[in-house]
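Residues per chain, in single letters:
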Amino acid sequence: MYFVERGAGVDVLAVHGWTPDHRLMLGCLEPVFERVPGYRRLYPDLPGMGRTPAPPGVDSSDDVLAALDRFVDERIGSAPFLLIGESYGGYMARALARLRPSQVLGLALICPIGTAVEHAERTVPAHVTLRAEPGLESADPDFLEMAVVRTAATLEHYRADVQPGVEAADLGAMARIRQRWVLSTPPESGPPFERPSLILTGRQDSSTGFADQYPLLEHYPRATFAVLDLAGHNLQFEQPVLFGALLAEWLERVGAV
């Protein structure tokens, strides 16, 4: 798996969502970790996305999880690490925490897929744009259909962090994986994860919503659960101040264990 590495110290594995690549996580997390030394950040591209190929044998989310698990063996080994996942990456991160409960020091989820994996089964609000600067009505369609905060700043983040991965994705491989998208073993099928956790959701997130994540709390008894107003599926750059503050507070909780 292709990956980008930053910093030194305790390992942090950051897993991006469906279709984008590592730049999604790099763009929102590095500003936080630049203020908090002592962490080695690993940003991989999942199979079929970014610069990581997905050969024909990779045809399910189980295979994506297996590749991520091998990546941990190769790059982290048996050392403890922190785990951060966004959207589909949050689904993968929860599953990886199930596989390695004693090794994962803390889990942070950004707009994760909740208890309903398939789009048609999710409880989500209709898309709405609540804050809009003039002159952006003809911006990138993918940005417009997801933006809750439509400003020059959020468009810049989208074009730097999200769009490059979307354009690089292997759509054929992703379609193959998408046919068996639901993991054969649910992430919350094991014992509760009792390390410090963070679940960030957007009140206006029309992709993964916020209601399907609330039932996860029983499995994560050390979780802070936040539903942010003026935030959709791009919560990390639509509410950057709150995002940074809550992530930093999670790091403090993990460090205090």
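Residues numbered from 1 in each chain as written. Predicted model: local features only at pLDDT ≥ 70, side-chain atom pairs only at ≥ 80, totals over all residues. Heavy atoms only, no water.

1. A look at the overall build of the protein chain
(1) Moving on: Helix and strand content of the protein chain: eight helices and nine strands.
(2) Moving on: Relative to the compact-globule value of 18 Å for 257 residues, the protein chain shows a C-alpha radius of gyration of 17 Å, a close match.
(3) Moving on: Overall, the protein chain is about 50 × 45 × 35 Å in size when its C-alpha atoms are taken along their principal axes.
(4) Moving on: Taking all 257 residues of the protein chain together, the buried fraction comes to 54%.
(5) Moving on: Taking as baseline every contact in the protein chain between residues at least 6 positions apart, the subset at least 24 positions apart corresponds to 75%. (Helix = DSSP H or I, 4+ residues; strand = E, 2+ residues; numbered from the N terminus. Rg over C-alpha atoms; globule rule 2.2 N^0.38 Å. Buried < 20%, exposed > 50% of the residue type's maximum accessible area, 1.4 Å probe, protein only. Contact = heavy atoms within 4.5 Å.)

2. Side note on the packing of aromatic side chains
(1) Moving on: Taken as a whole, this structure holds nine aromatic pairs when the rule is applied.
(2) Moving on: For the pair Trp-18 and Tyr-88, a centre-to-centre distance of 5.0 Å together with 65° between the ring planes defines the contact as edge-to-face. Highlighted residues: Trp-18 in the loop between β2 (10-15) and α1 (23-33) and Tyr-88 in helix α3 (residues 88-99), separated in sequence by 70 residues. Assigned by exposure class, Trp-18 and Tyr-88 land together as buried.
(3) Moving on: A centroid spacing of 5.5 Å and a plane angle of 65° characterise the contact between Phe-33 and Tyr-39, whose relative ring orientation is edge-to-face. (Phe/Tyr/Trp six-rings, centres within 6.5 Å; stacked < 30°, edge-to-face > 60°.)

3. Remarks on the nonpolar core
(1) Moving on: Counting 39 residues, the largest nonpolar core has Leu-13, Phe-81, Leu-83, Tyr-88, Met-92 and Leu-96 as the members making the most contacts within it.
(2) Moving on: Of all the elements in the fold, those that place two or more residues in this core are β2, α2 (61-75), β4 (81-86), α3, β5 (104-110) and α6 (171-178).
(3) Moving on: Beyond its immediate stretch of four places on either side in the chain, Leu-96 contacts Leu-13, Leu-65, Leu-68, Asp-69, Val-72, Phe-81 and Leu-83.
(4) Moving on: Leu-26, Leu-198, Leu-247 and Trp-250 belong to the second largest nonpolar core, which has 37 residues in total. (Core = buried A, V, L, I, M, F, W, Y, C linked by side-chain atoms within 4.5 Å.)

4. Some thoughts on the pattern of salt bridges
(1) Moving on: Under the criterion given, the structure shown has 11 salt bridges.
(2) Moving on: Measuring nitrogen to oxygen at the nearest pair gives 3.0 Å for the salt bridge that ties Arg-40 to Glu-5. In this pair, Arg-40 sits in strand β3 (residues 39-44) while Glu-5 sits in strand β1 (residues 3-6), placing the two residues 35 residues apart along the sequence.
(3) Moving on: Arg-40 gets classed as buried once you look at its relative accessible area, which sits at 17%.
(4) Moving on: The partner of Glu-30 in a salt bridge is Arg-41, with the nearest N and O atoms 2.7 Å apart. Of this pair, Glu-30 sits in helix α1 while Arg-41 sits in strand β3, placing them 11 residues apart in sequence. (Salt bridge = Lys/Arg side-chain N within 4 Å of Asp/Glu carboxyl O.)

5. What about the side chain of Thr-19?
(1) Moving on: Tracing the backbone shows Thr-19 in the loop between β2 and α1.
(2) Moving on: The exposure class assigned to Thr-19 is buried, which follows from its relative accessible area of 17%.
(3) Moving on: When near neighbours in sequence (up to four residues on either side) are disregarded, Thr-19 contacts Met-49, Gly-165, Val-166, Ala-169 and Met-174.

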